[in-house]
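Results of the structural survey
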Amino acid sequence: MNKKLNSGLALILPNKKLNLFVIFIVVLGIISGSLFLMVLNENDKSEVINEISTFMTNINTNNINNLNSFKNSLIEGMILIILSWILGMSIIGVIFNIFFIYMKSFTIGFSISSFILVYKYKGILSSLIYVIPSQLINILIILILGVYTLLFSKYLFKMIFLKDKTVNLGKFFKKYVLVFGICIILCVISSLCEAYLLPSLLKVIIKLFI
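Here goes a summary of the coordinates provided. Counting starts from 1 at the beginning of each chain's written sequence and moves along it residue by residue. Only residues with pLDDT of 70 or above have their local features reported here, since the model is predicted, and side-chain atom pairs are shown and tallied only from 80 upward, although totals for entire chains, interfaces and linings are computed over all residues. By convention in this description, side-chain values take in all heavy atoms of the structure and omit both hydrogens and water.

1. Quick look at the packing of helix α3 (residues 42-60) against helix α5 (residues 93-160)
Describing two packed helices takes the angle between their axes plus the distance from one axis to the other. The condition that has to hold: Lines fitted to the C-alpha atoms define the axes, with helices restricted to the stretch that makes contact. Angles between their N-to-C directions range from 0 to 180 degrees. Helix and strand definitions follow DSSP, with helices as H or I runs of at least four residues and strands as E runs of at least two, each counted in order from the N terminus. Should an angle lie under 35 degrees it is considered roughly parallel, over 145 roughly antiparallel, and from 65 to 115 roughly perpendicular; all remaining angles are considered oblique. Helix crossings fall into two classes, left-handed where the near helix is turned counterclockwise from the far one by less than a right angle and right-handed where it is turned clockwise. Contacts are residue-level and defined by heavy atoms, with any inter-residue pair within 4.5 Å sufficient. Amino acids outside the nonpolar list (Ala, Val, Leu, Ile, Met, Phe, Trp, Tyr, Cys, Pro) and the charged list (Asp, Glu, Lys, Arg) are all regarded as polar, and Gly is one of them.
One can describe the packing of α3 onto α5 by two numbers: an axis separation of 10 Å at closest approach and a directional angle of 65°. Between α3 and α5, the angle is such that the two are roughly perpendicular. The interaxial crossing formed by α3 with α5 has right-handed handedness. Only F110, S114, F115, L117, V118, Y119 and S126 of α5 make contact with α3, whose side of the interface consists of K45, V48, I49, I52, S53, F55 and M56. Among the residues forming the contact of α3 with α5, the class breakdown is 10 nonpolar, three polar and one charged.

Okay, structure coming up:
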């Protein structure tokens, strides 16, 4: 049991330094996204308020196509995962993947602050519902995929330029494929939560508190 637990943790947390680096980028992105609303002008803030209000109204009136929401969320998530995974198999891809990690985290932070902007303290509850569980799963995907794509680029660099013979890229690639599969499964779960669970929970919040 302990061996399985340790192997599972090793899969999720394969490199302490890279783990901390990716977590730092994620936290930086969320904080930046949350603070970004402060620098927007009043017109842009009004657009954000209108979009959030329309979104919540559509939920409250059942004017949401859950299947389309699921498809759009799944396609968007799959594109990000596949693109990041492929770019991870190159050295230059590390730059793009760091950018992807930051921007995805930035979007989550911006969404959270948008709810709070519209509904003030009541928006805190709405933003928590928005984050849990779909966005938490997305953050997990970002962390796992981010660490492994950066690790692959690091190993590739060491093998090509430093001629490090201790690097077993073939063995690591098996884990890399496994991580890809896990991220795809998590993406499907996240999209299902976002399309079906999130609207139901937000509808309850609207009726009780907003």
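2. Side note on the nonpolar core
Convention followed: Working definition of a nonpolar core: buried Ala, Val, Leu, Ile, Met, Phe, Trp, Tyr and Cys residues. They are joined through side-chain atoms within 4.5 Å. Any residue under 20% of the maximum accessible area for its type is buried, any over 50% is exposed, and the rest in between are partly exposed; the area is computed with a 1.4 Å probe on protein chains only.
The biggest cluster of nonpolar side chains holds 49 residues, and the ones touching the most others in it are I52, M56, I81, I141 and C183. Looking at this core, the elements with two or more residues in it are α2 (16-36), α3, α4 (66-87), α5 and α6 (169-209). Counting residues per element, this core draws most heavily on α5, which supplies 21 residues. Setting aside residues up to four positions removed in sequence, C183 forms contacts with I81, I141, I144 and L145.

3. Overview of a nonpolar patch on the surface
As a reminder of what qualifies: Patches were defined on residues exceeding 30% relative accessible area and lacking a salt bridge, with like-charge contacts within 9 Å and nonpolar side-chain contacts (Val, Leu, Ile, Met, Phe, Trp, Tyr) within 5 Å. The method behind every accessible area is Shrake-Rupley, applied with a 1.4 Å probe, and residues are considered shielded solely by the protein chains displayed. Each reported salt bridge corresponds to a side-chain nitrogen of Lys or Arg within 4 Å of a carboxyl oxygen of Asp or Glu.
A grouping of L20, I23, V27, I31, L35, F36, M38 and V39 is seen on the molecular surface, where their side chains present a nonpolar patch of about 780 Å² in accessible area. Examined against the element boundaries, M38 turns out to sit in the loop between α2 and α3.

4. Details of the environment of L140
Tracing the chain through its elements places L140 in helix α5. Through-space distance from the C-alpha of L140 to that of C183 is 8.7 Å; in sequence the pair is 43 residues apart.

5. Topic: the pattern of salt bridges
Side-chain pairing between opposite charges can occur once the charged atoms of the two side chains come close. Taken as a whole, this structure holds two salt bridges when the rule is applied. Of the charged contacts in the structure, one is a salt bridge between K104 and E76, with a shortest N-O distance of 4.0 Å. Of this pair, K104 sits in helix α5 while E76 sits in helix α4, and the two are 28 residues apart along the sequence. The partly exposed category is assigned to K104, whose relative accessible area is 21%. Of the residues examined, E76 reaches a relative accessible area of 53% and is grouped as exposed. Residue D164 pairs with K158 through a salt bridge whose shortest N-O separation is 3.6 Å.

6. A look at the packing of aromatic side chains
Basically, it comes down to this: By convention, a stacked pair of Phe, Tyr or Trp rings (six-membered ring in the case of Trp) has centres within 6.5 Å and planes under 30 degrees apart, an edge-to-face pair has planes over 60 apart, and any other such pair is tilted.
According to the stated counting rule, one finds 16 aromatic pairs in the structure shown. Here W85 and Y176 contribute two aromatic rings whose centre-to-centre distance is 5.0 Å and whose plane-to-plane angle is 15°, an arrangement assigned as stacked. With W85 in helix α4 and Y176 in helix α6, this residue pair connects regions lying 91 residues apart in the sequence. Relative to F100, the ring of F99 lies with its centre 6.4 Å away and its plane at 55°, an arrangement referred to as tilted. Through a chain of ring-to-ring contacts, three or more aromatic side chains come together here, namely W85, Y148, F152, Y155, F172, F173, Y176 and F180.

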